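# Structural overview
Chain residues, written in single-letter form:
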Amino acid sequence: MKKDSILILDFGSQYSQMIVRRIREIGVYAILCSYDISIHNILSKKPKGILLSGSPFSVYDKNSPLISKEIFQLNIPIFGICYGMQLISFLFGGKIEKSKYREYGKSYFIIDHFKNDLLFGIPKRSVVWMSHFDEIKDLPKEFKAIGHTSSCSIAAIIHKTKDIYAVQFHPEVDNTKFGISMLKNFILHICKCNPNWKLNKFVQNTVKKIKKRVSNKKVILGFSGGVDSFVSAYIIHKAIGNALNCIFVDTGFLLKKEKEKIFSHCQKMNFSIKIIDAKKRFLSILTGIVDPEKKRKIIGNEFASIFQMESEKIKNVEFLAQGTIYSDVIESSISSKLRKNFFIKSHHNVGGLPQLKKLKLIEPLKELFKDEVRKIGIELGIPKKILYSHPFPGPGLSIRILGEVNKKKISILKESESILSQELKKSNLYDFVNQAFIILLPVKSVGIKGDKRTYEYTAVLRVIKTEDFMTATFSRLPYDFLEKISNRIINEVDGINRLVYDITSKPPATIEWE
């Protein structure tokens, strides 16, 4: 059901898709569009509210993304976040300058004026998540400041007569304690949206559409073994049965016994899967490659080449299915001209495969986020150990080996990751944390084993807690557990003599190292 909706204008923020997710969690349908959408197109979507996202740009930059001031004449409530706040102020004649004190991460927001709908029910002092290097120096006369932090004198503003609101911090991230309350105030009370975005009958309707579209043709699915590909496969199989051909590529960069586990799950769910052994092929093409971006692109192209070749072996194939979810759609299409200037890393997954020659795409999950996909998976009866397994990168262990990849390093990392997984499950910590893995550094250090000098690799343990994978903090694991992991890996894995624990949050770090 999609009745009331909120439109988010994207200015290139890393958090834009998170705003969409948060609004959907509230129960209202949200759409993310590029900032340069026309006024005509905005009106055609009939949004009940508009949000302006953050951005890596400064509003005073020569090529900064701007919008027409006409948007403020539409009588649609508007909420600006971070860059969105600075943009609103700038368009009304305010002055924006570089901050004397930059704020990244945790800060304390103090409310100065309670008499406004946006901050209803929010305590006078609360934790917020900041990520900015500009601030408002002169506020336009049409606005008033309603809150500040210790380093930012104007951290929230409202228009004196219109429904225009803005904050300098990010209410959409989990680290802003009352961020959801602010979004609810805006969406449910100011915009007067009804929470009517529901997933009821999603599977039934999707199965019906696929059955009608595919008819008597065949479908191949690039199967990664992750949550999205499992749920996609299950829905498509429900629609067309054995006309679905799942193809899994063993790159050699998988976790220990992962291939066998995936094959077993597929058998239990009654759909067939073809496993392509491409270990030698992938190891060969990565020989001598050190740069992480080159690794990702080489692996992505090789996947596409293998799927093209396999599709030509199956008669009557007309469709390529992908486990694309809404976050993939956003990454590949929204404001790409902005993000390419502030590039972080390529995202490779099976859902991101290029369309193969002459094949039409089927993407049953492309309007859903990961948490929504999991809800569908539960409805379908897919085991929770599949739905809630820790994320694993498309390029696999190749990007957890910093520097050149070779057989020895892959073996070292597989054994280390296996020990970590065993101990997490044995200590009932696997479901407590959201992702846990080992990184092998291209750094060796001196150690002692059996009274003898060793000169072996240093490894990094990375264990994180997160709600949305857009922001994350390190897991505060018991020291006894950390000691056990260290002892087991160093004693049982030849090639590692030092283990360190990564305690960096995201941002400023990413979750994976490459």
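Attention here is on the structure that accompanies the text. Everything numeric in this text was worked out from a predicted model, so none of it was measured.

Under the criterion given, the structure shown has 14 aromatic pairs. Where Y165 meets F186, the ring centres are 6.3 Å apart and the plane angle is 70 degrees; that geometry is what we call edge-to-face. Taken together, the residues Y165 in strand β9 (residues 164-167) and F186 in helix α4 (residues 179-190) connect sequence positions 21 residues apart. Accessibility expressed as a relative area gives 7% for Y165, which makes it buried. Of the residues examined, F186 reaches a relative accessible area of 0% and is grouped as buried. What links up through ring pairs into an aromatic cluster is the set F253, F282, F303 and F307. When the ring centre of Y108 is taken as reference, the NZ or CZ atom of R125 above it lies at 4.0 Å. The ring centre of Y430 lies 5.1 Å from the NZ or CZ of K425, which sits over that ring.

Turning our attention to the nonpolar core. Counting residues in hydrophobic clusters, the biggest one holds 44 residues, and the most contacted among them are F253, F282, L424, I438, L461, I489 and I496. It is helix α14 (residues 407-426) that contributes the most residues to this core, 6 residues altogether. Residues in contact with I438, not counting those within four places in the same chain, are R400, L413, S416, E417, L420, A459, V460, L461, I489 and L499.

Looking now at the pairing of strand β1 (residues 5-10). Taking burial as the measure, the 6 residues of β1 include 6 buried ones, the bulk of the element. Side-chain alternation along β1 places S5, L7 and L9 on one buried face and I6, I8 and D10 on a second face that is also buried. Where β1 meets strand β2 (residues 29-34), 6 bridges bridge the pair, whose relative direction is parallel. By the bridge assignment, L9 is partnered in β2 with C33. The parallel pair β1 and β2, bridged by helix α1 (residues 16-26), forms a crossover whose chirality is right-handed. By the bridge criterion, 4 bridges tie β1 to strand β3 (residues 49-52) in an arrangement that is parallel. When the sheet's bridge partners are listed, I6 is paired in β3 with G49.

Take the side chain of H159 next. Tracing the sequence through the fold places H159 in strand β8 (residues 156-159). The class of H159 is buried, set by a relative accessible area of 8%. Within polar-contact distance, the side chain of H159 engages the backbone nitrogen of T161 at 3.0 Å. Leaving out residues up to four positions away in the same chain, H159 has contacts with F92, E142, F143 and I164.

Right, let's get into the pairing of β9. With burial as the criterion, each face of β9 is covered, one bearing I164 and A166 and the other bearing Y165 and V167. Sheet analysis places β8 next to β9, joined by 3 bridges and oriented antiparallel. Paired with A156 across the bridge in β9 is V167. The antiparallel hairpin formed by β8 and β9 contains 4 residues in its connecting segment.

Rules used in this analysis
- Residues numbered from 1 in each chain as written.
- Predicted model: local features only at pLDDT ≥ 70, side-chain atom pairs only at ≥ 80, totals over all residues.
- Heavy atoms only, no water.
- Phe/Tyr/Trp six-rings, centres within 6.5 Å; stacked < 30°, edge-to-face > 60°.
- Helix = DSSP H or I, 4+ residues; strand = E, 2+ residues; numbered from the N terminus.
- Buried < 20%, exposed > 50% of the residue type's maximum accessible area, 1.4 Å probe, protein only.
- Lys NZ or Arg CZ within 6 Å of the ring centre and 35° of its normal.
- Core = buried A, V, L, I, M, F, W, Y, C linked by side-chain atoms within 4.5 Å.
- Contact = heavy atoms within 4.5 Å.
- Pairing = 2+ DSSP bridges.
- Right-handed = clockwise from strand over helix to strand, strands pointing away.
- Polar contact = N/O pair within 3.5 Å; in protein donor to acceptor, adjacent residues only side chain to side chain.

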